[in-house]
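Chain by chain, the residues:
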Amino acid sequence: MKAGKIDEHSFIQKLGPDTRIVVLTGAGISAESGIPTFRDAQDGLWSQFRPEELASPEGFRANPKLVFDWYAWRRKKVLESKPNKGHEILALWGQQFPHMTLITQNVDGLHQAAGSQDLIEMHGSIHRLICFKERHPSPWVAAKDGVPLCMRCQSPLRPDVVWFGEMLDRRILEHIGKALANCEVFLAIGTSGLVYPAAGFLDEARASGALTVVINRERVGEDRCDLLLQGSASDILQRLQDSIQARHVFKVSSRAR
Ligand code: APR
């Protein structure tokens, strides 16, 4: 189905306080906070390494220090950055739309920093560590000579993120499955839609009869969604929020007559 089944104005009309909305975000929503995405050709995180070398248990076993240092470098960039307008508007939407489920593939914690609550971090968080053997949680500790070890079982500590080849938490997948089965509107914002299971969420939402919207700098997924809004995530979210507020004002003024 080609995109264009609905235009932006009609999409805004569909949004109300009872609308069941699922929002999926990817690295593109944090790009404007200065955090490199994974697959941007010129400076994407993968441009210098292969994902399997860095974001996989095999990569960690082969070179734990390289992997730990790469995540420490990414975490430092995150700590030096702050949420952008896109994160802030989604936090506002979390208040405005009580039946909104926010799912992020990002591990940077910027949605929480912008005020979003009870979001689903389906790929974990770069701010948490677990140990490689037993997944014992640990606060972040810097690597000195080697990779820090778990205080409880002495196995090496690694970021609490989902690596290639690792399974996602079943409970998280069940929660997401229920949200997709019941949603009326699905938005995919700043994601290339290349990594499953997140890449399949748009089709799952469509199968449930939801209106599907993609917000992306590139023309990603335009033949699978009802509306593609191409451009910067923060600019588009600001434009959508302005229309939502204008409509609200419109409703009040019509009542005022
Ligand atoms: N506004 C909107 N979209 C943007 C912007 C922006 N300012 N900047 C980049 N994008 C888009 C790109 O066009 C691209 O489609 O964001 C997307 C980023 O894609 P990826 O780098 O592949 O990141 P993501 O989709 O989140 O990757 C999914 O893959 O590597 C694994 O676990 C990792 O969570 C990650 C997953």
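Residues numbered from 1 in each chain as written. Predicted model: local features only at pLDDT ≥ 70, side-chain atom pairs only at ≥ 80, totals over all residues. Heavy atoms only, no water.

## As for unusual backbone geometry
Line of reasoning, step 1. Between Y196 and the following residue, P197, the backbone shows a cis peptide bond with an omega angle of 5°.
Line of reasoning, step 2. Summarising the element assignment, P197 is placed in the loop between β7 (185-189) and α9 (201-207).
Line of reasoning, step 3. One non-glycine residue with positive phi stands out, namely D118, at about 30°.
Line of reasoning, step 4. Structurally, D118 can be placed in the loop between α7 (110-113) and β3 (120-121).
Line of reasoning, step 5. Residue classification places D118 among the exposed positions, given a relative accessible area of 73%.
Line of reasoning, step 6. One non-glycine residue, Q154, lies in positive phi territory at about 65°.
Line of reasoning, step 7. Of note, Q154 is situated in the loop between β5 (137-138) and β6 (157-161). (Helix = DSSP H or I, 4+ residues; strand = E, 2+ residues; numbered from the N terminus. Buried < 20%, exposed > 50% of the residue type's maximum accessible area, 1.4 Å probe, protein only.)

## Observations regarding the pairing of strand β2 (residues 100-104)
Line of reasoning, step 1. In terms of residue burial, β2 counts as a mostly covered element, since five of its five residues are buried.
Line of reasoning, step 2. In β2, alternate side chains face the same way, and those of M100, L102 and T104 on one face and T101 and I103 on the other are all buried.
Line of reasoning, step 3. Pairing of strand β1 (residues 21-25) with β2 involves five bridges; the strand directions are parallel. Paired with T25 across the bridge in β2 is T104.
Line of reasoning, step 4. Sheet analysis places β2 next to β3, joined by two bridges and oriented parallel. Bridge assignment links I103 to a residue of β3, and that residue is I120. (Pairing = 2+ DSSP bridges.)

## Describing the state of the cysteines
Line of reasoning, step 1. This structure, assessed with the given rule, holds zero disulfides.
Line of reasoning, step 2. Sulfur of C150: no disulfide; nearest cysteine sulfur belongs to C153 and is 3.7 Å away.
Line of reasoning, step 3. Since its relative accessible area comes to 4%, C150 is described here as buried.
Line of reasoning, step 4. Cysteine C183 remains unbridged, with the sulfur of C225 as its closest cysteine sulfur at 14 Å. (Disulfide = S-S within 2.5 Å.)

## Side note on the pattern of salt bridges
Line of reasoning, step 1. Applying the stated criterion to the full structure yields 17 salt bridges.
Line of reasoning, step 2. Residue E134 pairs with K133 through a salt bridge whose shortest N-O separation is 3.8 Å.
Line of reasoning, step 3. With relative accessibility at 57%, the residue K133 sits in the exposed group.
Line of reasoning, step 4. Where R171 meets D169, a salt bridge forms, and the shortest distance between an N and an O atom there is 2.6 Å.
Line of reasoning, step 5. Residue R171 is classed as exposed on the basis of its relative accessible area of 57%. (Salt bridge = Lys/Arg side-chain N within 4 Å of Asp/Glu carboxyl O.)

## Overview of the site of the ligand
Line of reasoning, step 1. Inspection of the region around the ligand gives 23 residues, with E32, R39, T191, S192 and N216 positioned closest.
Line of reasoning, step 2. The side chain of H123 places a nitrogen or oxygen atom 2.9 Å from an oxygen atom of the ligand.
Line of reasoning, step 3. With respect to the ligand, the backbone of A233 contributes an N or O atom lying 2.9 Å from a nitrogen atom.
Line of reasoning, step 4. Taken by itself the ligand offers 730 Å² of open surface, and the protein chains cover 94% of this. (Near = heavy atom within 4 Å. Polar contact = N/O pair within 3.5 Å; in protein donor to acceptor, adjacent residues only side chain to side chain. Areas by Shrake-Rupley, 256 points an atom, 1.4 Å probe, with all protein chains shown as cover.)

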